[in-house]
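Descriptive analysis of the structure
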Amino acid sequence: MPAPEKKRFEDVSFGEDLESGSPDVSLETVKRFTRASGMKFGRFTDHEFARKEGLPGAIVPGIMSQGLLVGMIHRWAPGSTVVKIDTVFRAPVLVDSTPQCRGVVTDLDADARQVEVDLTIVNEANETRVLGTATVRLQADNPQ
Amino acid sequence: MDIASLKKEWTGFEFDTADFVVEEQEMLDFALACGEVEPRYTDATHADFQAPTTFTSKFSGRRILPKDFPRIAKRGGFDAGKCVEFHAPVRAGDTITGASRIHDIYEKTGRSGPMIFIVHRMEFRNQRRELVSIVDWRMVQQP
């Protein structure tokens, strides 16, 4: 499969929405993430365990939510580099739910060829669970 | 609690270091579980194969807070967020050293009363002492 075309700074406009999507937060995928991250907390991988801790069910690790947002940025801008991402874990994202990742371009820095993106993850009730900002460096007009 | 004094006494010095060896399979699983599509993160044969941008956020040191740091919360705190600054790629087989310090301490008042934010910073360097990332972890404690 050919590599997707890289997004250039010149292709981005202020206020542009990133294509939103529903990330895979199934129990199987979250278990894969926790294994890769060395996390051994039952609240992430066991609904019953999480309920006993007072949660509505197993929750997606905050750093996985952050990774899901980076994944969305790369789907929107292939070849880009996320140089900084700052996320606030406002409320849990539930495992086996269908959250939505969203983003919008809020600033453009032509000198640095970077854009600022506001980020959110919302649940099925459109309630914000995670919010943040990212600084994304894009390709030059004529990349070498 | 006097936040200014707490900040003056406990921020800015390194209190822990820990080493981590980066495994290829962990890089792949981290990337794929996060829905990554960039081949440089998802294909171990790619010429520029590297760990996902926020990979170092999974590492924690041997201590969360410096020895003898005063107890603030009556109960455990919670994770309010993370900030990751990318500086250089992390490669499979790298040995990454994370150095911990308290970067900031500040107070905010929420719906449930005052909250103390402790910003735990880890600077990660590879075996060549190159800075690869900085991860700030905001911990919230309620007095």
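Residues numbered from 1 in each chain as written. Chains lettered and ligands numbered in written order. Predicted model: local features only at pLDDT ≥ 70, side-chain atom pairs only at ≥ 80, totals over all residues. Heavy atoms only, no water.

Ordered by their spatial adjacency, nine strands build an open sheet running β2(A)-β3(A)-β4(A)-β1(A)-β2(B)-β5(B)-β4(B)-β3(B)-β1(B), and the pairing between neighbours is antiparallel. The open sheet terminates on both sides in strands that have one partner only, identified here as β2 (100-109) of chain A together with β1 (14-21) of chain B. Averaged over all neighbouring strand pairs, the angle between strand axes comes to 20°, with direction disregarded. Relative to strand β4 (residues 128-137) of chain A, strand β1 (residues 81-89) of chain A runs antiparallel, the two sharing eight bridges. Counted as the bridge partner of Phe89(A) is Val130(A) from β4(A). Taken strand by strand, helix α4 (residues 62-76) of chain A contacts β1, β2, β3 (114-122) and β4 of chain A together with β2 (78-86) of chain B, and its axis lies near 140° from that of β1(A). Sheet contacts for helix α1 (residues 3-10) of chain B: β3 (95-110) and β4 (113-125) of chain B; angle to β3(B), the most-contacted strand, approximately 170°. (Pairing = 2+ DSSP bridges. Helix = DSSP H or I, 4+ residues; strand = E, 2+ residues; numbered from the N terminus. Axes fitted to C-alpha atoms, helices over the stretch in contact; angles between N-to-C directions. Contact = heavy atoms within 4.5 Å.)

Looking now at the nonpolar core. In globular proteins that are soluble, nonpolar side chains generally tend to be buried together. Core analysis: the largest hydrophobic core is formed by 56 residues, its most contacted members being Trp76(A) and Val115(A). Judged by nonpolar contacts, the second largest core, of 13 residues, contains Leu65(B), Ile102(B), Ile105(B) and Ile116(B). (Core = buried A, V, L, I, M, F, W, Y, C linked by side-chain atoms within 4.5 Å. Buried < 20%, exposed > 50% of the residue type's maximum accessible area, 1.4 Å probe, protein only.)

The partner chain B presents 25 residues to the 27 residues of chain A that form the contact. Taking both sides of the interface into account, the surface hidden between chain A and chain B amounts to around 2300 Å²; carbon and sulfur atoms contribute 54%. Viewed at the interface, chain B and chain A are joined by two salt bridges. Ionic pairing is found between Arg138(B) and Asp86(A), a salt bridge with its closest N-O pair at 2.9 Å. Viewed at the interface, chain B and chain A are joined by 13 residue pairs in polar contact (both at pLDDT 80 or more). Those elements giving two or more residues to the side of chain A that touches chain B turn out to be α1 (27-37), α4 and β1 of chain A. Counted by class, the side of chain A that touches chain B contains 12 nonpolar, 10 polar and five charged residues. Relative to β2(B), β1(A) is paired through five bridges, and the arrangement is antiparallel. The residue of β2(B) that forms the bridge with Ile85(A) is Val84(B). (Buried area = accessible area lost by both parts, 1.4 Å probe. Salt bridge = Lys/Arg side-chain N within 4 Å of Asp/Glu carboxyl O. Polar contact = N/O pair within 3.5 Å; in protein donor to acceptor, adjacent residues only side chain to side chain. Nonpolar A, V, L, I, M, F, W, Y, C, P; charged D, E, K, R; others polar.)

With that settled, consider empty space enclosed by the protein. Any empty space left between the atoms is revealed when a probe the size of a water molecule rolls over them. Residues and elements named next belong to chain B. Per the counting criterion, the structure on display carries one cavity of 30 Å³ or more. When its volume is computed, the largest cavity comes out at roughly 60 Å³. Taken together, Ala51, Pro52, Thr53, Phe55, Thr56, Phe86, Ala88, Pro89, Val90, Val132 and Ser133 make up the lining of the largest cavity. Here the residues of the lining of the largest cavity are counted per class, giving eight nonpolar, three polar and no charged. (1 Å grid on protein atoms, 1.4 Å probe; cavity = no way out; pocket = protein on both sides within 12 Å on 5 of 7 lines; lining within 4 Å. Points joined across faces, edges and corners; volume = space filled by probe spheres on them.)

Another point: the pairing of β4(B). Residue and element names in this part refer to chain B. Here β4 lies mainly inside the structure; 10 of its 13 residues are buried. Bridge count between β3 and β4: 13 bridges; the pairing is antiparallel. Residue pairing across strands places Gly110 opposite Gly113, the latter belonging to β4. Sheet analysis places β4 next to strand β5 (residues 131-141), joined by 10 bridges and oriented antiparallel. Looking at the pairing, Ile116 lines up with Gln141 of β5.

This brings us to unusual backbone geometry. All names here are of chain A. Its identity is not glycine, yet Asp96 carries a phi of approximately 70°, on the positive side. Within the fold, Asp96 resides in the loop between β1 and β2. Judged by its relative accessible area of 46%, Asp96 is partly exposed. We note that Asn126 has phi near 65°; this positive angle belongs to a residue other than glycine. Relative to the helices and strands, Asn126 is located in the loop between β3 and β4.

Here we come to the packing of aromatic side chains. Per the counting criterion, the structure on display carries 10 aromatic pairs over all chains. With 6.0 Å between their ring centres and 50° between their planes, Phe59(B) and Phe124(B) make a pair best called tilted. Note that Phe59(B) is positioned in the loop between α3 (39-42) and β2 and Phe124(B) in strand β4, a separation of 65 residues in sequence. Each of the two residues, Phe59(B) as well as Phe124(B), counts as buried. Ring pairs connect the aromatic residues Phe33(A), Phe20(B), Phe30(B), Phe55(B), Phe59(B) and Phe124(B), which therefore count as one cluster. The ring of Phe44(A) is capped by Arg43(A), whose NZ or CZ atom sits 5.8 Å from the centre of that ring. The ring of Phe117(B) is capped by Lys108(B), whose NZ or CZ atom sits 5.6 Å from the centre of that ring. (Phe/Tyr/Trp six-rings, centres within 6.5 Å; stacked < 30°, edge-to-face > 60°. Lys NZ or Arg CZ within 6 Å of the ring centre and 35° of its normal.)

None of this, on its own, says anything about what the molecule does.
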